[in-house]
Amino acid sequence: MSVKYVPVQWNRNKWIYDAVMLAGVALFLWIFVELAPGLLSHERPINAPIHNGRAFGACAFVMLTVILCIGPLARLDQRFLPLLYNRRHFGVMTVFVAITHASFIIDWYFNFSPTNKYVAVLSANTDFGQALGFPFEIFGVFALIVLMILSATSHDFWMKFLTPPVWKRLHYLIYPAYAAVVAHVALGVLLDAQNVTFLWIVLIGSLAVATLHLLAAFSETRGSDTRAEGTDWVRICDAHDITEGFAKIARLPGGDRVAVFRQDGLLSAISNACAHQNGPLGEGKVIDCLVTCPWHGFQYDVRNGRSPAPFTEKIPTYDIRLHGSSVMVNPVANPPGTPVDPVPVPQEVLA
Amino acid sequence: MSDPKKPFFVGYLPAPPDLRLFLIVSIVSFVVIFGATGLLIGSTQDDPGPGAGQGRQTVTGVVEMIGYPVIHVTQGTDRIPTGRTLILSSGGKNGAVGRAAPLEGQVVQVSGLLLERGELDMVQLRGGNNGLQAADGNGAVPRPKPLGRWKLAGEICDGKCYAGIMRPGRGLAHRACANLCVAGEIPPVFVSSQPVEGSDFLMLTGPDGGVMPQEGYDAMAEYISVEGEITRHGDLLVFAMDPTTIEVLP
Amino acid sequence: MSGAETILLLVRWWLIIGAMISVAFLFIGIDRIDEDARGAYIFRPLLVPAILLIWPLVLWRWYVLEAGREIWSKHYRPPRASHLVAAILMAAGIGTALFLGLSNRQTWPADIAPERLSAPGEANE
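This structure is a prediction, so every number in the text was calculated from the model and none was measured.

Overview of the interface of chain B and chain A
Item 1. Tallying the contact residues gives 57 residues for chain B and 76 residues for chain A.
Item 2. Scanning the region where chain B abuts chain A turns up 1 salt bridge.
Item 3. Among the salt bridges present, the one from aspartate 127 of chain A reaches arginine 175 of chain B, with a minimum N-O distance of 2.9 Å.
Item 4. Across the contact surface, chain B and chain A share 20 residue pairs in polar contact (both at pLDDT 80 or more).
Item 5. Put simply, the parts of the chain that give the side of chain B that touches chain A at least two residues each are helix H1 (17-42), strand E1 (52-66) and helix H5 (175-183) of chain B.
Item 6. Its residues assigned to classes, the side of chain B that touches chain A shows 30 nonpolar, 18 polar and 9 charged.

Next up, the structure:
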């Protein structure tokens with residue numbers, strides 16, 4: 001919701017979010033690095049760089065797993081939306097933890113050799129022919145590069161500059177990256193370690209991520225959004241169907257989604273996609289006469305698709321009319337920020 | 001459409017009262033999940049083995065090149081008895097082939113960090129002449145004793161990490177490191193599933209008694225069975241592996 | 001030069017080009033294509049890592065915006081349908097990785113005893 005860009009638009013909830021996130025990560029690392037060595041009954045300790053490398057690697061895996069559960073959970077149950085709110089900071093923190101893991105490993109296993117340590121990462125094991133002994137490091141390298149790209153492009157500037165759909169497609173890289181992380185772990189530590197505790201955690205975590213994403217994606221295809229058919233004005237729903245302060249979403253013939261809101265007994269149609277991150281505006285509600293996005297709280301005047309001053313975001317609007325009690329929308333969107341006269345809800349509906 | 005009855009969270013506004021219990025439970029679960037996974041994973045790490053550094057030792061002995069350099073100790077210390085055979089390496093992931101080869105068959109003084117794991121003794125030489133230099137004295141390389149052709153099960157490791165310079169210094173997560181060590185001419189060792197003639201490990205060479213062949217890198221850290229000739233050099237067993245017989249075990 | 005060294009050389013050049021483009025973009029380009037960035041300087045260093053990594057995309061978007069070729073309707077078409085494809089592919093990748101990892105786990109062959117195939121001299125003399 002930028003007027004002028006700042007590094008982070010802090011607010012109380014973001015502070016709480018980051019504090020909880022950091023508390024969890026710090027607790028994990030403190031227990032693993034400081035407490036766990038005392039609990040291990042080994043004759044001689046694991047080298048500190050290896051133990052720390054494992055701590056940060058396992059932490060990054062748990063962080064990424066939790067992050068990837070938040071999105072589908074929020075789609076399946078709106079109460080999880082607060083966990084989505086400042087997820088980008090969680091992601092950025094994960095990159096730092098993952099880089100620390102990589103640094104410990106590279107500065108230990110790949111160091112002290114006549115070969116440059118980065119060359120060594122790519123050349124020490126080139127036995128790509130089978131799963132056992134596969135150079136699993138390469139999956140970690142790929143995932144780390146993806147995580148760096150995603151965290152580096154997490155500032156709102158990038159969403160506006162790249163446009164939300166391009167930004168979102170870029171961030172779809174998280175899916176192959178997570179699969180690569182699982183491969184990195186499965187062909188690395190899971191083949192190496194005799195103890196199976198981490199194996200079970202990886203199994204449960206990664207299968208939870210896969211299952212939640214499949215559930216959320218399938219529920220989206222079976223979603224309740226009506227499909228409006230036709231080439232000219234299309235019928236969205238009956239005026240009865242729209243609750244005051246809320247919207248009805250429909251998929252237009254071209255594939256775009258429209259959100260028809262009812263506010264003060266008047267109906268208006270706007271794009272369902274928020275200008276910020278294409279969040280589903282139709283799943284939001286009217287607060288203080290402004291449509292509020294459920295993802296990050298961006299707000300728009302439903303009559304013209306503009307954010308209130310001093311904000312400058314704009315979304316497309318749609319021409320709307322009633323045919324009896326049927327709500328009809330012209331599927332050709334108006335340019336973002338075009339005012340459209342709202343239509344009053346029929347008296348019999350209000351009654 | 002969102003459910004009008006459900007609480008609606010807006011990031012920059014205080015959380016709705018109906019959502020607070022849910023959020024508190026989420027926060028507590030989050031912290032508990034992180035603490036519990038940290039504890040579970042951290043406290044179930046595999047034992048890295050007993051290999052360790054035993055401080056600086058200086059001994060005199062005779063150099064023998066068996067693909068890689070070893071010395072047969074002629075004048076030991078409290079820690080290293082006379083008659084012991086030590087495998088040699090330099091600092092980092094560097095072997096001592098180039099340093100020791102010109103002194104083959106000669107009496108030398110060897111000084112460096114002793115690494116010890118079971119019957120495996122390796123010395124990481126100090127830099128330059130301080131680590132390895134010709135010395136006065138008499139001594140000869142003991143006559144090697146062939147022990148025949150064997151089939152062993154176990155794992156190829158680099159002798160230095162396995163001996164304790166890294167803990168753990170074996171396993172697939174350590175495979176690339178081991179490859180770098182052996183490529184740097186650090187002597188590889190074969191860790192046998194059960195003792196061979198009283199020893200759990202054997203220094204590994206190629207079939208011709210030279211350095212480990214490429215197939216050894218590809219099998220590094222995997223559990224394999226492999227055939228080869230075993231020879232006793234002093235009190236060290238040397239396994240001249242036949243790479244064509246490597247089989248990966250289940 | 002080995003394959004690994006070549007890759008690292010390309011990475012170095014990728015980052016060097018990215019550094020040059022980030023200077024041009026953050027000192028000149030950004031003010032021309034985003035009014036919200038005018039007068040906002042503190043956040044700009046935050047953009048450098050991304051420009052280093054994805055500079056071809058930056059150049060393409062810069063060109064589109066400068067040339068006035070922007071199509072506004074494309075801003076409001078989230079790739080929601082692709083999520084199903086992405087989720088299926090990710091699940092398949094996770095499943096494959098776990099299968100390969102778990103099915104290749106080895107157990108230390110503690111029960112296999114060393115076997116003497118032939119006495120010294122038998123085989124090679």
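Observations concerning the pairing of strand E11 (residues 326-329) of chain A
Residues and elements named next belong to chain A.
Item 1. Residues Ser326 and Met328 line one face of E11 and the alternating positions Val327 and Val329 line the opposite face, and both faces are buried.
Item 2. Bridge analysis of strand E2 (residues 234-238) against E11 gives 4 bridges, and the strand direction is antiparallel. By the bridge assignment, aspartate 238 is partnered in E11 with serine 326.
Item 3. Sheet analysis places strand E10 (residues 320-323) next to E11, joined by 4 bridges and oriented antiparallel. The residue bridging leucine 322 from the neighbouring strand is valine 327, located in E11.
Item 4. From the end of E10 to the start of E11, which pair antiparallel, there are 2 residues, and glycine 324 there has a positive phi angle of about 65°.

Some words on H5 of chain B
Residue and element names in this part refer to chain B.
Item 1. The buried count for H5 comes to 8 of 9 residues, which makes it a mostly enclosed element.
Item 2. When H5 is considered as a whole, its buried residues turn out to be Arg175, Ala176, Cys177, Ala178, Asn179, Leu180, Cys181 and Val182.
Item 3. Positive phi appears at glutamate 185, one or two residues downstream of H5, with a value of about 75°.

What about the pattern of salt bridges?
Item 1. Inspection of every chain in the model, using the stated rule, returns 24 salt bridges over all chains.
Item 2. Its salt-bridge partner being glutamate 116 of chain B, residue arginine 79 of chain B comes within 3.1 Å of it at the nearest N-O pair. Residue arginine 79 of chain B is located in the loop between strand E2 (68-75) and strand E3 (85-89), and its partner glutamate 116 of chain B is located in strand E4 (residues 107-117); the two are separated by 37 residues in the primary sequence.
Item 3. Taking relative accessible area as the criterion, arginine 79 of chain B reaches 41% and is therefore assigned partly exposed.
Item 4. With a closest N to O distance of 2.7 Å, aspartate 31 of chain C and arginine 44 of chain C form a salt bridge.

Focus on the packing of aromatic side chains
The description of two aromatic rings rests on the distance between their centres and on the angle between their planes.
Item 1. For the structure on display, the rule yields 26 aromatic pairs over all chains.
Item 2. Centroid distance tyrosine 5 of chain A to phenylalanine 157 of chain A: 5.7 Å. Interplanar angle 80°. Geometry classified as edge-to-face. Of this pair, tyrosine 5 of chain A sits in the segment before helix H1 (12-39) while phenylalanine 157 of chain A sits in helix H7 (residues 156-162), and the two are 152 residues apart along the sequence. Comparing tyrosine 5 of chain A with phenylalanine 157 of chain A, the two get one shared label, buried.
Item 3. Taking 5.2 Å as the distance between ring centres and 80° as the angle between the ring planes, the aromatic pair formed by phenylalanine 157 of chain A and tryptophan 158 of chain A counts as edge-to-face. Accessibility assignment for this pair places phenylalanine 157 of chain A and tryptophan 158 of chain A in one class, buried.
Item 4. Connected via pairs of aromatic rings, a cluster forms that spans Tyr5, Phe157, Trp158 and Phe161 of chain A together with Phe25, Phe43 and Trp62 of chain C.

Focus: a nonpolar patch on the surface
All names here are of chain C.
Item 1. On the surface, a cluster of nonpolar side chains totalling about 550 Å² of accessible area is made up of Met1, Leu9, Trp13, Ile16 and Met20.
Item 2. When you line up the elements, methionine 20 lands in helix H1 (residues 3-33).
Item 3. Residue methionine 20 is classed as exposed on the basis of its relative accessible area of 52%.

Topic: the environment of leucine 84 of chain A
Residue and element names in this part refer to chain A.
Item 1. Its place among the elements puts leucine 84 in helix H3 (residues 81-85).
Item 2. In this structure, the C-alpha to C-alpha distance between leucine 84 and valine 260, residues 176 residues apart in sequence, is 25 Å.
Item 3. Those residues within four positions of leucine 84 in sequence are excluded, and the remaining contacts are Ile70, Gly71, Trp295 and His296.

Brief notes about the sheet that holds E10 of chain A
Residues and elements named next belong to chain A.
Item 1. Sheet architecture is open: 3 strands sit in the order E2-E11-E10, paired in antiparallel fashion. Both outer strands of the open sheet, E2 and E10, are each paired with one neighbouring strand and no more. With strand direction ignored, the average angle separating the axes of adjacent strands in the sheet is 35°.

Quick word on the sheet that holds strand E7 (residues 290-292) of chain A
All names here are of chain A.
Item 1. Ordered in space as E6-E7-E8, the 3 strands form an open sheet in which the pairing is antiparallel. What marks the edges here is a single partner per strand, and that holds for strand E6 (285-287) and strand E8 (299-300).
Item 2. In terms of strand pairing, E7 meets E8 through 2 bridges, oriented antiparallel. What sits directly across from valine 291, in E8, is tyrosine 300.

Points about the domain arrangement of chain A
All names here are of chain A.
Item 1. Taken domain by domain, chain A holds domain 1 (12-221) and domain 2 (227-350).
Item 2. Put simply, the middle of domain 1 and the middle of domain 2, counted by C-alpha atoms, are 39 Å apart.
Item 3. Facing 12 residues of domain 1, the contacting portion of domain 2 comprises 11 residues.
Item 4. On the domain 1 side of the interface with domain 2, the three residues burying the most area are Arg75, Tyr85 and Pro164, jointly 35% of the side's total.
Item 5. For glutamate 283, the salt bridge is made with arginine 75, and the minimal N-O distance between the two is 3.0 Å.
Item 6. Between the two partners, domain 1 and domain 2, sit 2 residue pairs in polar contact (both at pLDDT 80 or more).

What counts as what
- Residues numbered from 1 in each chain as written.
- Chains lettered and ligands numbered in written order.
- Predicted model: local features only at pLDDT ≥ 70, side-chain atom pairs only at ≥ 80, totals over all residues.
- Heavy atoms only, no water.
- Contact = heavy atoms within 4.5 Å.
- Salt bridge = Lys/Arg side-chain N within 4 Å of Asp/Glu carboxyl O.
- Polar contact = N/O pair within 3.5 Å; in protein donor to acceptor, adjacent residues only side chain to side chain.
- Helix = DSSP H or I, 4+ residues; strand = E, 2+ residues; numbered from the N terminus.
- Nonpolar A, V, L, I, M, F, W, Y, C, P; charged D, E, K, R; others polar.
- Buried < 20%, exposed > 50% of the residue type's maximum accessible area, 1.4 Å probe, protein only.
- Pairing = 2+ DSSP bridges.
- Phe/Tyr/Trp six-rings, centres within 6.5 Å; stacked < 30°, edge-to-face > 60°.
- Patch = residues over 30% accessible without salt bridge, like charges linked within 9 Å, V, L, I, M, F, W, Y side chains within 5 Å.
- Areas by Shrake-Rupley, 256 points an atom, 1.4 Å probe, with all protein chains shown as cover.
- Axes fitted to C-alpha atoms, helices over the stretch in contact; angles between N-to-C directions.
- Domains from an automatic or database assignment.
- Buried area = accessible area lost by both parts, 1.4 Å probe.

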